[in-house]
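Fold and contact review
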Amino acid sequence: MAAAQIELKPDWARISFDSTPVTYADFHYFWLRHNCPCLNGCRHTTTKERTIDASVIPLDIRPLRAVVTTTVSEDGEGDKQPAVAFFWAPIETKDDSGNLAVLDDKEHVSVFPIQWLRENAYAVNRTQSHELPPHDTNLVTINYLDFVTKYPANANKNPASENVKLDKQGSVLYKAAVYDNLKNYGVAVIRNRGSDTEDIIYDFIDSTADAISTHFGRIEHLRTDNVENANNDQLGYTSSAIRLHTDLCYAESAPGFQFLHCIRPADQGGDNYFVHVESAANYLKTEVSLRAYELLTTVPVKFDRKQKHFKAQLVSPILRLSDEINTKTGERKLAQVRYSYFTQAAQNNVPFAELREWYEAQQVWDKLLYRDDFQIKADLQAGDVVIYDNFKILHARNGFTGPRHMAGVYFEASDLWDHLGQAKEQSLGIQSNQRD
């Protein structure tokens, strides 16, 4: 048998075999670590029975590395056979008294014969899988000055000066770039846009439309010394960290989009980060836990906003699926995420025997969302803007010190897509003319 090939994914390994009908198989790392065949703590040296307890294997374990190698047969006779070796960091295991301890501080090596892996494969020729959510900030970043330099409305004005306008062609191309980022990634980070929040609003909607006014007001001034907004007795107007969430989960018609305009960054901290929920949910479903996905898409959650002068409630699953079917997968698409730990009410509509399973699902979900390889991070400076889809993107910020000031504005999704969609169509004609 020819040597196998191995590909290490974030949560599992794909091993390709030089054979049919099993051409490749996927294996979870925790499964591999639990089934280690070694006689150095995982199998009894005489009986070869397993001695390692599944309860000590971290479900998020990852190998340090893996290599294709060879090994002798189990009986020690015959030629060497192809194998794959996984190298692991030490883990706590149970000693003879049942206490957890790191019994060996050296790298642990698991060597699996290829034949054994083929015979025990449980995910053969798997086709339904999803990649990690986008997590490269450069993918979603647009520098407004790049457009101003090339397409200034006033050629005599310094492109780096405040609030320089674009000519008509530049405005179309800039808005088309924002459209592409929002369609592809759900978020766009716009550097050096300027200081006029009111002017920036109409980057994204027609002049005949307007921003959404909420119980906070039309423009939220997110700072600790806020005096402009109503109902400012909430976390956004403090210096505390705010974990991943969507806005206005308790509103029947939550805003489709929000932008944050950096008026003044914090002296320290205050960085923003984002997660593309549709990608994260698909990853959860196919790569981590189908059961957790099922619970998050079906179990109703109450979102309850209680402030001194405002109250609202709404019940919905965290992940609400639409009736629209994905033509590629045949499955229902994600319609909206409602996720807010600070307005999530006590979960009291799950039977006693099922509540632990619900909490486990939420913990699995949370652990995914807070992985670095799930997040887009942005340190917004004065004049920068970030705009994101409030139905598909979770956003958060770190705690901070100093007089940080962000202006927040909400839009109807239809207003934004109509405006930016027109720019996208016009840009195709401009690009075609440029090629000609």
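Numbering of residues starts from 1 in each chain and follows the order in which that chain's sequence is written. Only residues with pLDDT of 70 or above have their local features reported here, since the model is predicted, and side-chain atom pairs are shown and tallied only from 80 upward, although totals for entire chains, interfaces and linings are computed over all residues. Heavy atoms from the whole structure form the basis of all side-chain values; hydrogens and water molecules are not counted.

This next bit is on the side chain of His419. Starting at the N terminus, helices and strands are each numbered in turn, a helix being any DSSP run of H or I of at least four residues and a strand any DSSP run of E of at least two. Note on placement: His419 falls in helix H9 (residues 413–435). For the purposes of these results, a polar contact is taken to be a pair of N or O atoms within 3.5 Å, where, inside protein, one atom must be able to donate a hydrogen and its partner to accept one; residues adjacent in sequence count only when each atom of the pair is a side-chain atom. Here Lys175 takes part through its side chain, which lies 2.9 Å from a polar atom of the side chain of His419. In this description, contact between two residues means that some pair of their heavy atoms is separated by no more than 4.5 Å. Dropping the residues within four chain positions of it, His419 is found in contact with Lys175, Tyr202, Asp203, Phe204, Ile205 and Asp206.

Right, let's get into the nonpolar core. Core analysis: the largest hydrophobic core is formed by 54 residues, its most contacted members being Ile318, Leu319 and Trp365. Apart from residues lying up to four places away in sequence, Trp365 is in contact with Val277, Ala280, Ala281, Leu284, Leu296, Ile318, Leu319 and Tyr339. Throughout this description, the term nonpolar core refers to a set of buried Ala, Val, Leu, Ile, Met, Phe, Trp, Tyr and Cys residues connected via side-chain atoms within 4.5 Å. Only protein chains enter the accessibility calculation, which uses a 1.4 Å probe. A residue is then buried if its area is under 20% of the maximum for its type, exposed if over 50%, and partly exposed in between.

Attention now moves to the sheet that holds strand S3 (residues 24–28). The strand order across the open sheet built from 3 strands is S1-S2-S3, with neighbouring strands paired in antiparallel fashion. The open sheet has two edge strands with one neighbour each: strand S1 (5–8) and S3. Direction aside, neighbouring strands of the sheet carry axes that sit 20 degrees apart on average. If DSSP finds at least two bridges between two strands, the strands pair. Here S1 pairs with strand S2 (residues 12–16) via 4 bridges, running antiparallel. Paired with Glu7 across the two strands is Arg14, which belongs to S2. Here, axes are lines fitted to C-alpha atoms. For helices the fit covers the stretch in contact, and angles between N-to-C directions go from 0 to 180 degrees.

Before going further, it helps to examine the sheet that holds strand S15 (residues 272–276). For sheets, the rule is that strands pair by backbone hydrogen bonds, running either parallel or antiparallel. Sheet architecture is open: 4 strands sit in the order S12-S22-S15-S20, paired in antiparallel fashion. Strands at the two margins of the open sheet, each flanked by one partner only, are strand S12 (242–245) and strand S20 (376–378). The sheet shows a mean angle of 15 degrees between the axes of neighbouring strands, direction not considered. The pairing of S15 with strand S22 (residues 393–397) spans 5 bridges and is classified as antiparallel. Following the sheet pairing, His276 is matched in S22 by Ile393. Lying over the sheet, helix H6 (residues 277–288) contacts S15 and S22, oriented at roughly 55 degrees with respect to S15.

Structurally, Phe30 is set in helix H1 (residues 29–34). As a C-alpha pair, Phe30 and Asp11 span 19 residues in sequence and 8.9 Å in three-dimensional space. If we ignore the near neighbours within four places in the chain, the residues touching Phe30 are Ile57, Pro58, Leu59 and Ile61.

Bringing the pairing of strand S19 (residues 332–337) into the picture now. Every other side chain in a regular strand lies on the same face of the sheet, so the side chains alternate between the two faces. Bridge analysis of strand S18 (residues 319–325) against S19 gives 4 bridges, and the strand direction is antiparallel. The partner of Ile325 across the bridge, within S19, is Arg332.

What follows deals with the packing of aromatic side chains. Only Phe, Tyr and Trp rings are paired, with Trp represented by its six-membered ring, and only when their centres lie within 6.5 Å; those with planes under 30 degrees apart are stacked, over 60 edge-to-face, the remainder tilted. Applying the stated rule across the entire model yields 21 aromatic pairs. Ring centres 6.2 Å apart and planes at 55 degrees place the aromatic pair Phe216 and Tyr237 in the tilted group. Of this pair, Phe216 sits in the loop between helix H5 (197–201) and strand S11 (220–222) while Tyr237 sits in the loop between S11 and S12, placing them 21 residues apart in sequence. On the accessibility criterion, Phe216 (3% relative accessible area) is buried. Following the ring pairs from residue to residue traces out a cluster consisting of Phe27, Trp31, Phe86, Trp88, Phe112, Trp116 and Tyr122. Here the guanidinium or amino end of Arg118 rests over the ring plane of Phe17, the centre of that ring lying 5.9 Å away. Either the NZ atom of lysine or the CZ atom of arginine qualifies as a charge over a ring when it sits within 6 Å of the ring centre and within 35 degrees of the ring normal. Here the guanidinium or amino end of Arg193 rests over the ring plane of Tyr144, the centre of that ring lying 4.5 Å away.

In this section: the pattern of salt bridges. If the charged atoms of two oppositely charged side chains come close together, the side chains can form a pair. By definition here, a salt bridge exists when the distance from a side-chain nitrogen of Lys or Arg to a carboxyl oxygen of Asp or Glu is within 4 Å. All chains considered together, the criterion is met by 29 salt bridges. As a salt-bridge pair, Asp180 and Lys424 come within 2.9 Å of each other at their nearest N and O atoms. Here Asp180 is found in helix H4 (residues 168–185), whereas its partner Lys424 is found in helix H9, with 244 residues between them in sequence. Asp180 sits in the partly exposed class, given a relative accessible area of 27%. The residue Asp366 makes a salt bridge to Arg243 at a minimum N-O spacing of 4.0 Å. Linking Asp366 in helix H8 (residues 352–369) with Arg243 in strand S12, this pair joins segments that are 123 residues apart in sequence.

Both site types are read off a 1 Å grid over the protein atoms alone. A 1.4 Å probe that fits but cannot get out defines a cavity, while an open set with protein on both sides within 12 Å along at least five of seven lines defines a pocket; lining residues have an atom within 4 Å of a point. Grid points are joined across faces, edges and corners, and a volume is the space filled by probe spheres set on the points. Per the stated rule, a full pass over the model turns up 1 cavity of 30 Å³ or more. Estimated volume of the largest cavity: approximately 320 Å³. Elements with a contribution of two residues or more to the lining of the largest cavity: S11, S12, strand S13 (257–264), S22 and strand S24 (405–411). Of the residues forming the lining of the largest cavity, the biggest block, 3 residues, is contributed by S22.

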